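Each chain, letter by letter, is given below.
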Amino acid sequence: MAHMMAVTASWDAESGAEPGTGPGAQADGERSATGFHTDDPAMLRCLLDQMPTPTAVIDGDSDRCAYANAAFRSLGVLAGTSVTEGFPALQFSMLVEARRTGRLQRNRSAGDHSPDGERFWDLRVTPMLGVNGVVRALIVTAEETPDSAADYDRRLRDVSHRLKNTLQLVSSLLTLQTLSTKNPEVRGALQSAGSRIGIVTQAHQRTHTALRSVRVDVADHLRELCHELEATLPGAHRIRVAAEPTEMPVEAVIPFSLIVNELVGNAARHAFPEGVAGDIEVRLCRDDGGKTRLEVADMGAGLPAGLDVTRATTLGLKVVRAFVGQLRGKLWADSSPLGTRVTVELPA
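Analysis parameters
- Residues numbered from 1 in each chain as written.
- Predicted model: local features only at pLDDT ≥ 70, side-chain atom pairs only at ≥ 80, totals over all residues.
- Heavy atoms only, no water.
- Helix = DSSP H or I, 4+ residues; strand = E, 2+ residues; numbered from the N terminus.
- Contact = heavy atoms within 4.5 Å.
- Areas by Shrake-Rupley, 256 points an atom, 1.4 Å probe, with all protein chains shown as cover.
- Buried < 20%, exposed > 50% of the residue type's maximum accessible area, 1.4 Å probe, protein only.
- Axes fitted to C-alpha atoms, helices over the stretch in contact; angles between N-to-C directions.
- Left-handed = near helix turned anticlockwise from the far one by under 90°.
- Nonpolar A, V, L, I, M, F, W, Y, C, P; charged D, E, K, R; others polar.
- Patch = residues over 30% accessible without salt bridge, like charges linked within 9 Å, V, L, I, M, F, W, Y side chains within 5 Å.
- Salt bridge = Lys/Arg side-chain N within 4 Å of Asp/Glu carboxyl O.
- Core = buried A, V, L, I, M, F, W, Y, C linked by side-chain atoms within 4.5 Å.
- Phe/Tyr/Trp six-rings, centres within 6.5 Å; stacked < 30°, edge-to-face > 60°.
- Pairing = 2+ DSSP bridges.
- Expected span 1.5 Å × (residues − 1).
- Polar contact = N/O pair within 3.5 Å; in protein donor to acceptor, adjacent residues only side chain to side chain.

J.: Could you clarify how one ought to interpret the overall build of the protein in this entry?
T.: Scanning the protein from N- to C-terminus turns up ten helices and twelve strands. Long-range contacts, defined as pairs at least 24 residues apart, comprise 55% of the intrachain contacts of the protein with a sequence gap of at least 6. Entry remark: accessible area of the protein is about 19100 Å², with carbon and sulfur atoms responsible for 55%.

Set out below in structure tokens:
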């Protein structure tokens, strides 16, 4: 619609016709249902300026803009300036070809200096012919296509934000249920579930900003996670973290976070006598073969006799084994009366 109004308005202006007597005008005196003259140039210009489709008029043989509506001005195209400089997605060759052939030129292009990322545009250059068939002006329209990277990122952020809110809602419901439960076993189970959902929420919050990234460095994430865990562990335990820069697929960050949560929590609850504080060491590195290695170690009493972490039936170790398997990794433990070291090895 904006394109048609621009064509009509410019045709009237270029041909010298009275407003409304050019092509497409209604009969003299005809009014719309609202009572306004539908050929009122002021009304047409106002409508064109407020249309969401970026639209510009280029006059003469250059790429100098004669008029740009509000949508195009927001992209940096102003009257009196170069359209191709203000909006690099438009190629000057399209203007040349439209003037040479007198035919509509259409192209899909990308790039407009957007700080939000690359955007894709469906561009149209329509020549406006005078009565002698000479091109008098060009109408340029630009519609952002659905596969625009910036549009995709915006939608992805929206979905991510909704997911985070949903996780926080579930966590809040579990907290309410915990407060209304008197059974200590049920209360403990609900608290553990709420803690795990909190870990998922935090991991999601830290990784959703990566958007279309395939891999992220989890070293800083691990340090922040352990810092938060230290404040919630039973007893005055201290977590020491040594993390080398280590990239990991985005989809692996949440399982990785839950593995760390369970292993650190197990060490805090079972490695030391009740009421005795101790240090827990968390180390993240890559070996010579490029595999990622996570180690959680303590200087506690060691594992109970006969306990095999790869077969244990406790919920925490079941969770660890499930996520290690999901990441196609390996799990083992070295234990003695001087402490325990649990190792998770993930493929390169």
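J.: What should I look at first to understand the side chain of His221 in this one?
T.: Mapped onto the elements, His221 comes out in helix 8 (residues 219–230). Classification of His221 by relative accessible area gives buried; the value is 7%. With residues up to four places along the chain from it excluded, the contact list for His221 reads Ala203, Arg206, Val253 and Ser257.

J.: Teacher, can you tell me more about the packing of helix 8 against helix 9 (residues 253–270) here?
T.: Between two packed helices, what matters for the description is the angle formed by their axes and the separation of those axes. Look at helix 8 against helix 9: their axes get within 11 Å of each other, and the N-to-C directions meet at 40°. For the pair helix 8 and helix 9, the crossing hand works out as right-handed. For the pair helix 8 and helix 9, the contacting residues are His221, Leu222, Leu225, Cys226 and Leu229 in the first and Val253, Phe256, Ser257, Val260, Asn261 and Val264 in the second. A class-by-class count of the residues in the contact of helix 8 with helix 9 yields eight nonpolar, three polar and no charged.

J.: What should I look at first to understand a nonpolar patch on the surface in this one?
T.: Taken together, the side chains of Leu169, Leu173, Leu176 and Leu179 make up a nonpolar region of the molecular surface, amounting to roughly 440 Å² of accessible area. Mapped onto the elements of the fold, Leu176 is located in helix 6 (residues 149–179).

J.: So what exactly am I meant to see when it comes to unusual backbone geometry here?
T.: Backbone geometry follows two general trends: most residues other than glycine have a negative phi, and most peptide bonds adopt the trans configuration. Phi at Arg328 takes a positive value of approximately 60°, unusual for a residue other than glycine. With respect to the helices and strands, the residue Arg328 is situated in the loop between helix 10 (315–326) and strand 11 (330–336). A residue is classified by how much of its surface remains accessible, and Arg328, at 70% relative accessible area, is exposed.

J.: Which parts of the structure should I look at to understand the nonpolar core?
T.: Side chains of nonpolar character tend, in soluble globular proteins, to be buried together. Counting 42 residues, the largest nonpolar core has Val260 and Val264 as its most contacted members. Top contributing element to this core by residue count: helix 9, with nine residues. With sequence-adjacent residues up to four places away left out, Val260 is seen in contact with Leu222, Leu225, Cys226, Leu229 and Leu294. Membership of the second largest hydrophobic core comes to 20 residues, among which are Ile58, Phe72, Val125 and Ala142.

J.: Help me understand the packing of aromatic side chains in this model?
T.: Taken as a whole and judged by the stated rule, the model has two aromatic pairs. Note on Phe72 and Phe87: the rings are 5.3 Å apart at their centroids and 85° apart in plane angle, and the pair reads as edge-to-face. With Phe72 in helix 3 (residues 70–73) and Phe87 in the loop between helix 4 (83–86) and helix 5 (92–101), this residue pair connects regions lying 15 residues apart in the sequence. You can call Phe72 buried: its relative accessible area is 0%. Summarising the aromatic geometry, the rings of Phe87 and Trp121 are spaced 5.3 Å apart at their centres and angled 75° between planes, so their arrangement reads as edge-to-face. Placement of Phe87 in the loop between helix 4 and helix 5 and of Trp121 in strand 4 (residues 120–129) is noted, with a sequence separation of 34 residues between them. When sorted by exposure, Phe87 lands in the same class as Trp121, which is buried. Grouped by ring-pair contacts, the aromatic residues Phe72, Phe87 and Trp121 constitute a single cluster.

J.: In this structure, what is going on with the sheet that holds strand 12 (residues 339–346)? I would like to understand it.
T.: Picture the strands of a sheet paired through backbone hydrogen bonds; they go either parallel or antiparallel. Read across the sheet, five strands follow the order 7-9-10-12-11 without closing on themselves; strand pairing throughout is mixed. With partners counted over all chains shown, the strands left at the sheet margins are strand 7 (238–243) and strand 11, one partner each. Looking at each pair of strands side by side, their axes are set apart by 15° on average, direction ignored. Here strand 9 (residues 279–286) runs beside strand 10 (residues 292–298); their pairing, made up of seven bridges, is antiparallel. Across the sheet, the residue bridging to Arg283 is Glu295, located in strand 10. On the sheet, helix 8 packs against strand 7 and strand 9 and is oriented at approximately 180° with respect to strand 7. With respect to the sheet, helix 9 is in contact with strand 7, strand 9, strand 10 and strand 12, its orientation differing from that of strand 10 by roughly 20°.

J.: Explain helix 7 (residues 184–207) to me, please; I cannot follow it from the model alone.
T.: Along an α-helix, residues three or four positions apart point the same way, because every turn accommodates 3.6 residues. Between its first and last C-alpha, helix 7 extends 35 Å over 24 residues, near the 34 Å set by a 1.5 Å rise per residue. All of the buried residues along helix 7 are Leu190, Gly194, Arg196, Ile197, Gly198, Ile199, Val200, Thr201, Ala203, His204 and Thr207. A distance of 2.9 Å separates the backbone nitrogen of Glu185 from a side-chain oxygen at the start of helix 7, and that oxygen is part of Asn183.

J.: Mind showing me how you'd approach the environment of Asp63 here?
T.: The topology assignment puts Asp63 in the loop between strand 1 (55–59) and strand 2 (65–68). Owing to a relative accessible area of 11%, Asp63 belongs among the buried residues under this scheme. Spatially, the C-alpha atom of Asp63 lies 5.8 Å from that of Val83, the residues being 20 residues apart in sequence. Other than its neighbours up to four places away in sequence, Asp63 contacts Ile58, Thr81, Ser82, Val83, Thr84, Phe92 and Leu95.

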